[in-house]
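Examining the three-dimensional arrangement
Residues per chain, in single letters:
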Amino acid sequence: MSQADQDRADRVQNAIEISLRLVIIGILIYWSFRILQPFINVVVWGAVLAVAIYPLLGRLTAVLGGRSKFALGLIVALALAAVIVPTSLISGSLFRSAQYLVIGLEDDSLAVPPPPEKVADLPLVGKRVDEVWRQASRNLEPVLRKYQVQLRQLSSRVLPALGSFAGSVVQFLLSIAVMAVMLAHAGKVKETMLRFGNRFAGQQGASLVELSIGTIRSVATGVLGVAFIQSVLAAAGMAWISVPGAGVWALLVLVLAIVQLPPILVLLPVALWFFGNAESQLAAWIFLIYCVLVSMSDVVLKPMLLGRGLDVPMIVVLLGAIGGMMMSGIIGLFVGAVVLALTYTLFMAWVSRGETGQIPEGEIA
């Protein structure tokens, strides 16, 4: 065999070996992805929480005299309370409502109060709602039989939604566990990410990692943090006037605030309801003004919490939140907003690098 034929045979052999290695690596990567796919949202959200809360952990550790473990335990306890307490309130409210309905239907004691006179004056649907409501207040059973198909369709949608909500709560709790592990080993985690960044982008790897950290912290505090504060303020106001299902309304406020829609879209119907049921019109006006202030509070909170130097269009956050929720439920609402904002920021940094040769500074104050 000539030297040329031998070289050709060696090249073919090397090509076959490289192809087999790539196929095996591809299979392993795909297999690992399928195994870890159910946990991706949990891990990503846990990482987002860890990155966003790490500065707070440092300040709290300093206040507590260097007791980092105690500070971490306090943060984890507060995070668990932020998930468990609203969930308990919503679950308790739903359980009591369901129990009341079941018992009332069994012993025929379920009664619907007549509608307020103002219901008929509502635009478009007022007269129809008033008519059905009055029929139900006089005799509920015929109304239930008349709308049994619609009620069955509604229940078929509500039950899966409740199951999805319960699954999201479990995911939130697992994410807090992931956050705790990452915070406990924050130094090693950051060192690993810096090594990965250097491996991925060479000398610019560290800048990419710092840019990612700054983006995550800014979006988490400036978008998600503001939304959480607005939902807590709304929940406090609705608890003051004893709104039925206040936890559900507060959750809707949280969703609207994340997707950058004004919470007044939820709070205004509640305020109108209070006008029809309040003993004092002064109290109703005070609550309405409070709702407007809560809805407008992002004008003050965002400049305080949103990082300087971060320029993520709100449409990016909106698409990320809605797309994440459609893909992964409630937890996707949070993860999607952060991930898409991070992707946009890194893409724009890559474009800027093409113009200047340098990635912009990533540490966002």
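Since the structure is predicted, the reported quantities are computational estimates derived from the model, not experimental observations.

Thresholds, definitions, all that
- Residues numbered from 1 in each chain as written.
- Predicted model: local features only at pLDDT ≥ 70, side-chain atom pairs only at ≥ 80, totals over all residues.
- Heavy atoms only, no water.
- Helix = DSSP H or I, 4+ residues; strand = E, 2+ residues; numbered from the N terminus.
- Buried < 20%, exposed > 50% of the residue type's maximum accessible area, 1.4 Å probe, protein only.
- Contact = heavy atoms within 4.5 Å.
- Areas by Shrake-Rupley, 256 points an atom, 1.4 Å probe, with all protein chains shown as cover.
- Patch = residues over 30% accessible without salt bridge, like charges linked within 9 Å, V, L, I, M, F, W, Y side chains within 5 Å.
- Salt bridge = Lys/Arg side-chain N within 4 Å of Asp/Glu carboxyl O.
- Core = buried A, V, L, I, M, F, W, Y, C linked by side-chain atoms within 4.5 Å.
- Axes fitted to C-alpha atoms, helices over the stretch in contact; angles between N-to-C directions.
- Parallel < 35°, antiparallel > 145°, perpendicular 65-115°, else oblique.
- Expected span 1.5 Å × (residues − 1).
- pLDDT = per-residue confidence, 0-100.
- Phe/Tyr/Trp six-rings, centres within 6.5 Å; stacked < 30°, edge-to-face > 60°.

Helices and strands together make up the secondary structure of the chain, namely 14 helices and zero strands. Start at the N end of the chain and walk to the C end: the helices and strands fall as α-α-α-α-α-α-α-α-α-α-α-α-α-α. Counting only residues that meet the buried cut, the chain has 33% of its 365 residues in that class. Sequence separation of at least 24 residues holds for 65% of the intrachain contacts in the chain that already meet a minimum separation of 6. Surface accessibility of the chain: about 22800 Å² in total, with carbon and sulfur atoms responsible for 70%.

What follows concerns a nonpolar patch on the surface. On the surface, a cluster of nonpolar side chains totalling about 1100 Å² of accessible area is made up of Val23, Ile24, Ile27, Leu28, Trp31, Phe33, Ile35, Leu36, Phe39, Ile40 and Val43. Elements supplying a minimum of two residues to the nonpolar patch: α1 (3-36) and α2 (40-63). Assignment of secondary structure puts Phe39 in the loop between α1 and α2.

Here the focus is the nonpolar core. If you look at the biggest cluster of nonpolar residues, it comprises 44 residues, and the most contacted ones within it are Trp45, Met179, Leu183, Leu224, Ile258 and Phe334. The set of elements that each furnish at least two residues to this core consists of α2, α3 (68-107), α6 (148-184), α8 (205-240), α9 (246-258), α13 (314-328) and α14 (330-356). Tallying contributions element by element places α14 first for this core, with eight residues. Those residues within four positions of Trp45 in sequence are excluded, and the remaining contacts are Phe172, Ser175, Leu224, Ile331, Phe334 and Val335. Counting residues in each nonpolar core, the second largest holds 20 residues, with Ala246, Val270, Phe287 and Leu288 among its members.

Here we take up the packing of α8 against helix α11 (residues 281-296). Here α8 crosses α11 at 175 degrees, and the two axes come no closer than 10 Å. The orientation of α8 relative to α11 falls into the category roughly antiparallel. When α8 is examined against α11, the residues Gln230, Leu233, Ala234, Ala236, Gly237, Met238 and Trp240 are found in contact with a partner set consisting of Ala283, Ile286, Phe287, Tyr290, Val294 and Ser295.

Moving on: α8. In this model, α8 (36 residues) spans 51 Å end to end at C-alpha, consistent with the 52 Å of a helix rising 1.5 Å per residue. Where α8 ends, the next residue or the one after it, Ser242, has phi of about 60 degrees, a positive value.

The next subject is the pattern of salt bridges. Tallying each qualifying case throughout the model produces two salt bridges. Close ionic contact of Glu17 with Arg21 constitutes a salt bridge, the shortest N to O distance being 4.0 Å. Linking Glu17 with Arg21, this pair stays in helix α1, spanning four residues, or about one helical turn. For Arg21, a relative accessible area of 53% gives the class exposed. When the shortest N-O distance is used, the salt bridge between Arg195 and Glu191 registers 2.8 Å. Note that Arg195 and Glu191 are positioned in helix α7 (residues 186-201) at a spacing of four residues, about one turn of the helix.

What follows covers the confidence of the model for the chain. Mean pLDDT over the chain: 76, with 75% of residues reaching 70 or higher. At the low end of the mean pLDDT range in the chain sits helix α5 (residues 140-146), at 67; at the high end sits α11, at 87.

So, about the packing of aromatic side chains. Centre distance and the angle of the planes are the two values used to describe a pair of aromatic rings. Considering all chains together, one arrives at two aromatic pairs under this definition. When the centroid spacing of 6.4 Å and the interplanar angle of 80 degrees are considered together, the rings of Trp45 and Phe172 count as edge-to-face. Note that Trp45 is positioned in helix α2 and Phe172 in helix α6, a separation of 127 residues in sequence. By relative accessible area, which is 13% here, Phe172 ends up buried. The interplanar angle of 75 degrees and the centroid separation of 5.7 Å between the aromatic rings of Phe274 and Phe287 together place this pair among those described as edge-to-face. With Phe274 in helix α10 (residues 264-277) and Phe287 in helix α11, the pair connects residues that are 13 residues apart, well separated along the chain. The buried category is assigned to Phe274, whose relative accessible area is 10%.

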